[in-house]
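Descriptive structure summary
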Amino acid sequence: MTVTLEVAEGVGTIRLDRPPMNALDVATQDRIKELAEEASRREDVRAVVIYGGEKVFAAGADIKEMQNMDHTAMILRARALQDSFTAVARIPKPVVAAVTGYALGGGCELALCADYRIAADNAKLGQPEILLGLIPGAGGTQRLPRLVGPSKAKDLIFTGRMVKADEALAIGLVDRVVPAADVYTEAHAWAARLAQGPAIALRAAKEAIDTGVETDLETGLAVERNWFAGLFATEDRERGMRSFVEEGPGKAKFL
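Let me sum up the structure you'll find in this document.

The rules behind the values
Residues numbered from 1 in each chain as written. Predicted model: local features only at pLDDT ≥ 70, side-chain atom pairs only at ≥ 80, totals over all residues. Heavy atoms only, no water. 1 Å grid on protein atoms, 1.4 Å probe; cavity = no way out; pocket = protein on both sides within 12 Å on 5 of 7 lines; lining within 4 Å. Points joined across faces, edges and corners; volume = space filled by probe spheres on them. Helix = DSSP H or I, 4+ residues; strand = E, 2+ residues; numbered from the N terminus. Nonpolar A, V, L, I, M, F, W, Y, C, P; charged D, E, K, R; others polar. Phe/Tyr/Trp six-rings, centres within 6.5 Å; stacked < 30°, edge-to-face > 60°. Buried < 20%, exposed > 50% of the residue type's maximum accessible area, 1.4 Å probe, protein only. Core = buried A, V, L, I, M, F, W, Y, C linked by side-chain atoms within 4.5 Å. Contact = heavy atoms within 4.5 Å.

Description of the layout of surface pockets
- Of the voids in this model, the largest pocket is the one considered here, and its volume is about 1,100 Å³.
- Within the residue set of the lining of the largest pocket, elements represented by two or more residues are helix H3 (71–89), helix H5 (140–148), helix H8 (183–195) and helix H9 (199–212).
- Looking at the lining of the largest pocket, the element that brings in the most residues is H9, giving 8 residues.
- Of the residues contributing to the lining of the largest pocket, the split by class is 16 nonpolar, 8 polar and 11 charged.
- Counted as a void, the second largest pocket has a volume near 540 Å³.
- Around the second largest pocket sit 29 residues that line it, and Ala61, Met66, Leu81, Glu129 and Leu134 are the ones nearest its centre.

Some words on the packing of aromatic side chains
- A complete count under the given rule lists 3 aromatic pairs for this structure.
- Centre to centre, the rings of Tyr116 and Trp190 are 5.0 Å apart; their planes meet at 5°, and the pair counts as stacked. Taken together, the residues span a long stretch of sequence, with Tyr116 in strand E6 (residues 116–120) and Trp190 in helix H8 at a distance of 74 residues.
- The class for Trp190 is partly exposed, based on a relative accessible area of 22%.

Remarks on the nonpolar core
- Ranked by internal contacts, the top residues of the largest apolar core, which has 57 residues, are Phe57, Val99, Leu125 and Leu173.
- Contacts of Val99, omitting those with residues within four sequence positions, involve Phe57, Ala111, Ile118, Ala119, Ala120, Ala123, Leu125 and Val183.

Focus on unusual backbone geometry
- Residue Pro20 is reached from Pro19 by a cis peptide bond, and omega for that bond is 5°.
- On the secondary structure map, Pro20 appears in the loop between strand E2 (11–16) and helix H1 (26–41).
- The residue Asn22 is not glycine, and still its phi comes out positive at about 55°.
- Checked against the element boundaries, Asn22 lands in the loop between E2 and H1.

Nothing here speaks to function; it is geometry throughout.
Written out as structure tokens, the structure is:
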């Protein structure tokens, strides 16, 4: 399998495994979608890590495969390509990308679908599609400017240049930079901490934020209000408030 899902202690790791560079061919794209949907459904998965291994996250699409596609073939494929990445973005649980080595093109776009990105100090990220006479097609023109702002996104997409980990951190493309040997451990720890949290409240927070940034303030506030009130019907809310009153803050157990 080019992509696998391994689950331990509430954390599901979606692991890309297509040596040497984890090129994202059609089969790999479809497998990512399949496993993202599985992780969304499974109750034993409470947080997710996206990981490409110790050497590389994903160096982009399989260019040799794409070269053989004409206009008609890509019209038929483009939606499926986007859908595979959107399935990751829509996982209703905390998702962290553990970025090692190269995260280019589709690899960068996959990392953009996570809620949080931890990068190795030797990581390099970018959207080099322009160098092929193309633009990003798996969400890069939409998710990147929403994350780093339009002007920085245009710089990266117009030039196709790669950014090193320190610049990626400075512009907000990644959230933390750690030694390469620690990337997966740190990402797993981030996910494991949230896997212990209140699952429905985390889902509500993610949906409220993701919906809110795509709409006007009034609509976003309505989404927040409805989720906030709805959480008063959950056992986790009862447990959290009871623990706060009886034991003090931060001691509630939600599993």
